[in-house]
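Below are the chains, spelled out letter by letter.
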Amino acid sequence: AGTFITARAATSESSNAAAAQASFTVKPEGKGRIVSDSLASLSYETGQLADPRFFSPDNHSLIALLRELNPNGVLRIGGNTSDITTWSEYHGTLPAQPSHTTGPQHPVTLRPESLRNLSGFLRATGWKLVFGVNLRAGSPAMAVALSHAVRDAVGDSLLAIQIGNEANNYEKDYADFDTAWQPYARALRAAGMPLAGPDTGANTDWVIAYAREHGAENCFLSRHYYRDAAQRGSVGDLLGGDPGLLEYMERLVDVGDEVHLPVRLTEANSYYFGGRDGVSNVFAAALWGADFMLGLASLGVSGIHFHGGTLTSVEASLGREVHATTDASSLSLQRDAASAHYAPIAGDVALGFQPRPLYHGMVLAQRFAGARMLYGKLDTGGANLAAYAGKRDDEMLLALINKDVLLDADMSIDVEDFFIDSAEQLRAASLDSRDTAGLVATAWQGDTAQGLRIRVPRASALLVHMKKQHV
Ligand code: BDP
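Residues numbered from 1 in each chain as written. Predicted model: local features only at pLDDT ≥ 70, side-chain atom pairs only at ≥ 80, totals over all residues. Heavy atoms only, no water.

**Some remarks on the packing of aromatic side chains**
- Within this structure, the stated rule accounts for 16 aromatic pairs.
- The interplanar angle of 80° and the centroid separation of 5.8 Å between the aromatic rings of Tyr 174 and Trp 206 together place this pair among those described as edge-to-face. Of this pair, Tyr 174 sits in helix 4 (residues 174-190) while Trp 206 sits in helix 5 (residues 204-214), and the two are 32 residues apart along the sequence. The same class applies to Tyr 174 and to Trp 206, which are both buried.
- Judged by centre distance (6.0 Å) and plane angle (65°), the rings of Phe 292 and Phe 306 are edge-to-face. One end of the pair, Phe 292, is in helix 8 (residues 283-299); the other, Phe 306, is in strand 12 (residues 303-308), with 14 residues separating them in the sequence.
- Given the relative accessible area of 6%, Phe 292 is considered buried.
- Grouping aromatic residues by their ring pairs yields a cluster made of Tyr 44, Phe 54, Phe 55, Phe 121 and Phe 353.
- Over the aromatic face of Phe 220 sits the side chain of Arg 264, whose NZ or CZ is 5.9 Å from the ring centroid. (Phe/Tyr/Trp six-rings, centres within 6.5 Å; stacked < 30°, edge-to-face > 60°. Helix = DSSP H or I, 4+ residues; strand = E, 2+ residues; numbered from the N terminus. Buried < 20%, exposed > 50% of the residue type's maximum accessible area, 1.4 Å probe, protein only. Lys NZ or Arg CZ within 6 Å of the ring centre and 35° of its normal.)

Here it is in structure tokens:
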């Protein structure tokens, strides 16, 4: 006997809309990857550390958001600004420094106070740290001095040092990168630092070469992912899927298996150049993010660090006057405007912080931590759907993600020996909503006539909790 379940529609028009007839069949005894508990992770610019108040034990609202996202997350510090960062306590020689630029790409002088505060921040969140040092305009000696300072400050929270950010943008080829990388790696290893890399932009071949040559000296492999440049971003494009991604990430995980190293996307998001307004920062990004994470987790990717942070230069953020306001929507707009469009968390120290829709998509995917992903056969019935199943002890989790603008989905669910215990929904007024509530418990009604069926409204996701039928 089955159950007919209808996720309660947030708007009444939805239940009258045309519905695709879809099905999802899962074999509970299948073998798949176990989802890492550090899957939902974050990445920030080193430049963010120029304001010591940002990653600080006093930044309670940001700490709360990280803890809620993932008690076992990893904070990656790096990005373009890591390659224009100097350490204030290093007084040796350096190559010529890049000329002064504006905005977030402003050269950074990192000071001890920022590392002290970062340490308190990490303690308060329980997060680990991956820290990037300057390869482009640095020196091995400065990398060692800074890494020592980082490790002295954060202790065991330091998971790895990475050398350079997207060196593919400034080194001609892998051989040149390797020549530049080696003296840093030698010096850092001699200092007892754990390493990870190569932290390239989009080149899988570099990661493979690196794994084969340096796998044994590393604790994980990394590259980045952005779907495209901001000017080419749209909701349709974002939700259209990126099949190439799964192919090359599967190759990378295979290579990682060969050298016994996990693979992490140490920096990722929808569109580079800060993301696209109206795309990266709306509800579409929540559905994209959950699908992206669960697709990669199914392949065995261990962590995905969504890049974010504030837009303003440090000077601007330090000098910012809070526009005294009691109006929540005005505050929300100001926080939105202060942040990169793709940031999962919007806001700054003066304005406070708030989750963006993408954050809620990350929360949904993170619920699979510790579960074994199972192969499920999905018939979409013509709608833009994704579906994932993961088993953890006697619990089965289903993520049913309806990325369709027009079609609700009536999904018939076939999971042997499991019954539905509860369901949570991620939903917004529309795909381009900027405000999204997080997962909310949703009511469902039973009807034994047609087996197990669930309606997944268009532009929504359902997290279904199933329990094992005991006979
Ligand atoms: C990446 C860089 C990061 C930038 C991002 C962007 O690593 O520092 O902020 O692009 O352009 O490639 O948004």
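**Brief notes about the site of the ligand**
- With respect to spatial proximity, the complete set of residues near the ligand consists of Glu 45, Gly 79, Asn 80, Asn 165, Glu 166, Tyr 226, Glu 267, Tyr 272, Phe 273, Gly 274, His 307 and Tyr 342.
- Gly 274 places a main-chain nitrogen or oxygen 2.8 Å from an oxygen atom of the ligand.
- Within the contact set of the ligand, an oxygen atom lies 2.6 Å away from a side-chain nitrogen or oxygen of Tyr 342.
- Its residues assigned to classes, the shell around the ligand comprises four nonpolar, five polar and three charged. (Near = heavy atom within 4 Å. Polar contact = N/O pair within 3.5 Å; in protein donor to acceptor, adjacent residues only side chain to side chain. Nonpolar A, V, L, I, M, F, W, Y, C, P; charged D, E, K, R; others polar.)

**Brief notes about the pattern of salt bridges**
- Applying the stated rule across the entire model yields 20 salt bridges.
- The closest approach of N and O atoms between Arg 212 and Glu 258, which form a salt bridge, is 3.1 Å. Of this pair, Arg 212 sits in helix 5 while Glu 258 is found in helix 7 (residues 243-258), placing the two residues 46 residues apart along the sequence.
- The shortest N-O distance in the salt bridge between Arg 455 and Asp 408 comes to 3.6 Å. (Salt bridge = Lys/Arg side-chain N within 4 Å of Asp/Glu carboxyl O.)

**Comments concerning the packing of helix 1 (residues 60-69) against helix 11 (residues 357-366)**
- One can describe the packing of helix 1 onto helix 11 by two numbers: an axis separation of 9 Å at closest approach and a directional angle of 35°. Contacts between helix 1 and helix 11 pair Leu 65, Glu 68 and Leu 69 from the former with Tyr 359, Met 362, Val 363 and Gln 366 from the latter.
- The residue inventory of the contact of helix 1 with helix 11, partitioned by class, reads five nonpolar, one polar and one charged. (Axes fitted to C-alpha atoms, helices over the stretch in contact; angles between N-to-C directions. Contact = heavy atoms within 4.5 Å.)

**Observations regarding the sheet that holds strand 20 (residues 418-427)**
- With antiparallel pairing, six strands are arranged side by side in an open sheet as 15-17-18-23-20-21. Each edge of the open sheet is held by one strand with a lone partner, namely strand 15 (372-374) and strand 21 (440-441).
- Pairing between strand 18 (residues 395-402) and strand 23 (residues 460-468): eight bridges, direction antiparallel. Note that in strand 23 the partner of Leu 397 across the bridge is His 465.
- Running at roughly 165° to strand 20, helix 11 makes contact with strand 18, strand 20 and strand 23 of the sheet. (Pairing = 2+ DSSP bridges.)

**A closer look at the nonpolar core**
- By size, the foremost hydrophobic cluster in this structure holds 108 residues, and its most contacted members are Phe 55, Leu 75, Leu 129, Phe 131, Phe 292 and Ile 304.
- Top element by residues in this core is helix 8. It accounts for 13 residues.
- Core analysis: the next-biggest nonpolar cluster, separate from the first, contains 24 residues, Ala 383, Leu 398, Val 456 and Met 466 among them. (Core = buried A, V, L, I, M, F, W, Y, C linked by side-chain atoms within 4.5 Å.)

**Quick notes on helix 2 (residues 112-125)**
- Its 14 residues place the ends of helix 2 20 Å apart at the C-alpha level, agreeing with the 20 Å of an ideal helix rising 1.5 Å per residue.
- Those residues of helix 2 that fall on the buried side of the exposure criterion are Ser 114, Leu 115, Asn 117, Leu 118, Ser 119, Gly 120, Phe 121, Leu 122 and Thr 125.
- Residues of helix 2 that are buried sit in contact with helix 1, strand 4 (74-78), strand 5 (85-87), strand 6 (108-110), strand 7 (128-133) and helix 3 (140-154).
- Gly 126 occupies a position one or two residues after helix 2 and carries a positive phi of about 80°. (Expected span 1.5 Å × (residues − 1).)

**Re the pairing of strand 11 (residues 263-272)**
- Among the ten residues of strand 11, nine are classified as buried, and the element is accordingly described as predominantly covered.
- Bridge count for strand 10 (residues 218-229) against strand 11 is eight bridges, and the pairing is parallel. The residue bridging Tyr 226 from the neighbouring strand is Asn 269, located in strand 11.
- Pairing of strand 11 with strand 12, which is carried by three bridges, proceeds in the parallel orientation. By the bridge assignment, Ala 268 is partnered in strand 12 with Phe 306.

**Regarding helix 1**
- Those residues of helix 1 lying buried are Leu 62, Ile 63, Leu 65, Leu 66 and Leu 69. For helix 1, the arc enclosing every buried residue in end-on projection is 165°, short of the 170-degree limit, so these residues lie on one face. Opposite the buried face of helix 1, at more than 90 degrees from it, the exposed residues are His 60 and Glu 68. (Arc of directions from axis to C-beta.)

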